[in-house]
Amino acid sequence: MAEQPGREPSWSLQASAVREGVRLELTLPDLAGQPVTAALILERAEARAFARALLAAAGDATERTFPRPEV
């Protein structure tokens, strides 16, 4: 969940196992003044690919935020 000190969480992502594969729920508490939840049901292979993509994006964002110092 994305959180900042002194602020309410701005979004949440939950995953749960279902018969068809994996259910992902993305919740935004305030989108144009209304709460919104998007739910996706993915097959396991799709869920793994999605997780790898999120992990890669997080790594890229971390490297851009905290660049290595020159040695």
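The structure reproduced in this document is the subject of the present report. (Residues numbered from 1 in each chain as written. Predicted model: local features only at pLDDT ≥ 70, side-chain atom pairs only at ≥ 80, totals over all residues. Heavy atoms only, no water.)

1. Quick word on the pattern of salt bridges
Item 1. Under the counting rule described, the total for this entry stands at 2 salt bridges.
Item 2. Asp60 is paired through a salt bridge with Arg64; the nearest N and O atoms lie 2.9 Å apart. Within this pair, Asp60 and its partner Arg64 are both found in helix α1 (residues 44-65), separated by 4 residues, close to a single helical turn.
Item 3. The class of Asp60 is partly exposed, set by a relative accessible area of 34%. (Salt bridge = Lys/Arg side-chain N within 4 Å of Asp/Glu carboxyl O. Helix = DSSP H or I, 4+ residues; strand = E, 2+ residues; numbered from the N terminus. Buried < 20%, exposed > 50% of the residue type's maximum accessible area, 1.4 Å probe, protein only.)

2. A closer look at the sheet that holds strand β1 (residues 12-18)
Item 1. The 3 strands lie next to each other as β1-β2-β3, forming an open sheet whose pairing is antiparallel. Strands at the two margins of the open sheet, each flanked by one partner only, are β1 and β3 (34-42). Neighbouring strand axes in the sheet, compared pairwise and without regard to direction, differ in orientation by 20 degrees on average.
Item 2. With 8 bridges connecting them, strand β2 (residues 21-31) and β3 associate as antiparallel partners. (Pairing = 2+ DSSP bridges. Axes fitted to C-alpha atoms, helices over the stretch in contact; angles between N-to-C directions.)

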